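Residue-level structure breakdown
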Protein chains: 2
Amino acid sequence: VRLREAGEGEFLRRVREAAGRPGGSVLVGIGDDTAVLQGQGREERLLLKCDATVEGQHFRREWLTEAEIGARAVRRALSDIAAMGGRPAAILLTLLVSPDEDLEAATAIAAGAAAAGTEFGAPLAGGETVGTEGPLALDVVVAGFAPAGRELRRSGARPGEALLVSGALGASAAGLACLRCGLSAPAAHRAIARSKRPEPRLALGRMLRESGAVRAAIDLSDGLLRDAGHLADESGVRIEIDEARLPLSPDCREVAEALGASPLHWALAGGEDYELLFTADAESVPALIAQADREVGLSLTRIGAVTQGRGVFVARPDGGARTPTAEGWDQFTHDQG
Amino acid sequence: VRLREAGEGEFLRRVREAAGRPGGSVLVGIGDDTAVLQGQGREERLLLKCDATVEGQHFRREWLTEAEIGARAVRRALSDIAAMGGRPAAILLTLLVSPDEDLEAATAIAAGAAAAGTEFGAPLAGGETVGTEGPLALDVVVAGFAPAGRELRRSGARPGEALLVSGALGASAAGLACLRCGLSAPAAHRAIARSKRPEPRLALGRMLRESGAVRAAIDLSDGLLRDAGHLADESGVRIEIDEARLPLSPDCREVAEALGASPLHWALAGGEDYELLFTADAESVPALIAQADREVGLSLTRIGAVTQGRGVFVARPDGGARTPTAEGWDQFTHDQG
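Notes on the structure in this doc start here. Within every chain, residues take consecutive numbers counted from 1 along the sequence as written. The lettering of chains begins at A and the numbering of ligands begins at 1, in the order of writing. Reporting of local features is limited, given that this is a predicted model, to residues whose pLDDT is at least 70; pairs of side-chain atoms are given and counted only at 80 or more, and all residues count toward the totals for whole chains, interfaces and linings. Think of the side-chain values as coming from all heavy atoms in the structure, minus any hydrogens and water.

Glancing now at the relation of the copies chain B and chain A. The superposition of copies rests on a least-squares fit of C-alpha positions from residues with pLDDT of 70 or more in both. Of the transformation superimposing chain B on chain A, the axial component is 0.0 Å and the angular component is 180°, with the fit at an RMSD of 0.0 Å. Taken together, the rotation and translation describe the operation of a two-fold axis. Should any heavy atoms of two residues lie within 4.5 Å, those residues are considered in contact. Same-surface contact between copies: 100% of interface residues of chain B are shared with the interface of chain A.

This part takes up the packing of helix 5 (residues 186-196) of chain A against helix 8 (residues 250-259) of chain A. Residue and element names in this part refer to chain A. Simply put, an axis is a line fit to the C-alpha atoms, just over the touching stretch for a helix, and the angle between two N-to-C directions goes from 0 to 180 degrees. Secondary structure elements follow DSSP: runs of H or I no shorter than four residues count as helices, runs of E no shorter than two count as strands, and numbering proceeds from the N terminus. The geometry of helix 5 relative to helix 8 is characterised by a closest axis approach of 9 Å and an angle of 125° between their N-to-C directions. The pairing of helix 5 with helix 8 is recorded here as oblique in orientation. Crossing of helix 5 against helix 8: the hand is left-handed. Taking contact as the criterion, the partners of A187, A188, R190 and A191 in helix 5 are, on helix 8, D251, E254 and V255. Any angle from 65 to 115 degrees is called roughly perpendicular, while one under 35 is roughly parallel, one over 145 is roughly antiparallel, and all others are oblique. Put simply, a crossing is left-handed when the front helix is turned counterclockwise from the back one by less than a right angle, and right-handed when it is turned clockwise.

All names here are of chain B. Taken across its eleven residues, helix 4 (residues 171-181) has nine buried, putting it largely inside the fold. To sort residues, take the accessible area from a 1.4 Å probe on protein chains only and compare it with the maximum for the residue type: under 20% means buried, over 50% means exposed, and anything in between is partly exposed. Of all the residues in helix 4, the buried ones are A171, S172, A173, A174, G175, L176, A177, C178 and L179. The secondary structure elements touched by the buried residues of helix 4 are helix 5 (186-196), helix 8 (250-259) and helix 9 (263-269). One or two steps after helix 4, the chain reaches G182, where phi turns positive at roughly 75°.

On the side of chain A, 76 residues touch chain B, which itself brings 76 residues to the contact. With both sides pooled, the region where chain B packs onto chain A buries about 6000 Å², and carbon together with sulfur makes up 65% of that total. Where the side of chain B that touches chain A is concerned, the elements lending two or more residues are helix 1 (3-19), strand 1 (26-28), strand 2 (35-38), strand 3 (44-54), strand 4 (87-97), helix 3 (103-119), strand 5 (124-131) and strand 6 (137-147) of chain B. Among the elements that make up the side of chain B that touches chain A, the one with the highest residue count is helix 1 of chain B (eleven residues). The buried area of a pairing is the accessible area, by a 1.4 Å probe, that goes missing from both parts when the two are put together, added over both.

Everything listed here is a matter of coordinates, which is why it stays silent on function.
Below you can see the structure in the form of structure tokens.
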């Protein structure tokens, strides 16, 4: 069976099986936004994550400057630390690059990565460079810390909780569509900027962790439906999303109208919004919304609920429903480049 | 300027410049075997390293089983933790793999990596899988711990110290030559096994750190000359190697004779021996040699000295000398596949 037929999920299930239950210093292994390690000091835990982007698959050279390529790779990886409520501490960068690549260009990629890391308190602390005849690829490792036992885990959702999302959805996918078809308009430019420069929600992640009302979170990289599916799977719950409540980005709506596309599809399955999807005690929702607006300048929207059961369920405004488990980003079956 | 003309060293110098002096939690950044981070607990420090291998560049599919590909990538990365005197705690694996790859084969690679990590106390704790049309590539992240302030740094060598190496040299390069030309003999089989299955010297690294007599070490991945050059550069010293004292592997000698090759060249520039090269107080050398033999079953050989100055200097048995700075493995100018 080829990976493109089996799909990423089946492969990861097998990898997880092969890895077995982690022990020793590893408190959380495969299946969450980052790994969680116990250091000798008992108060703080180490978060570890790697995130890879490949030319043609995740970006095109003609769409981004070298500095943007490096910065984007780092910002994506930092988003996973945000989803754990952590504080980033350092990045490593592995660069797979052709020996025919220009020295200045390769340096600009690394410098862009270093600058993005420094901006968020995570200096470039090492890495690896390997010559390859394949496409340009960046693998960013990010290490961070979080107080022991209070990480925002994918497995923390419980029936009865509310489901919330930060910011607005669909702009990144809309920007990608604009890049593909060359659409140029103010909304297109804003959407493209969003696609090029993800915003890791680190301040929000820390705020949510410190609130004590939130125990489960994930960042939206694969698309809302698929990422909600990860939350549901890891927590052993059912996640119900109210389609009418989704905070669609105005730029996403405008671009979709210009292109005759579906803004809802971009919001549900487009991916790369890098907002946080999380669950919270229902009674704490108004206070969280007010606090996020005041302290981190971000809107939070209640978009659904956690119930008993399995999988993801989307309630449509017309009273219909769908259980769209196969939508969203899959490394092996999609081609985003 | 293309990378293949500029060389890896020049590129890394520029990356280091772009990264700037690390701050915050990062105590040691680019330039050592691993990054060193300070956690909240003050007694222990976090070591972080990533190590990438690419099909055609670092291995060929026809030479290794899938499990061997995964295990080899992990064992290489663990060697860097050994070179810091650390204890490995976890690995992450990024796999860049074609969507046309067989699911069982891809799983076997990850399972081989997981098993190798577990063998050395570092469970597979996460990772990333990305579809690519390029060659198969593995990037292994390894995290470990070491007592604060006692890591074996590349920058710790001081004039007056002795230079030592563990084990025997050249077998891995000899094994690679056997794979390339199809040589089959007992010595060839042993050399090939060594090439396929690097041995991270973790117990030795910890012993050296605990001895208090050793403050500088590096693992031999790029070749003795090049790695000695890294030690010399980072410490700001000159390293003098006595060619006649080099512990050439008997298998390396035998294969070289059969192939009409130079065993000395393999020992000096072949790379991938994954032995430890380190410096020690001269008066502690006999005790270290005895202890390594007794406690970790490894021979140590005094092969030279640290003096004032710069660079690497090799004294030849005929009284001549060479300063072979450009030899060894370079990611952009060599092709090992």
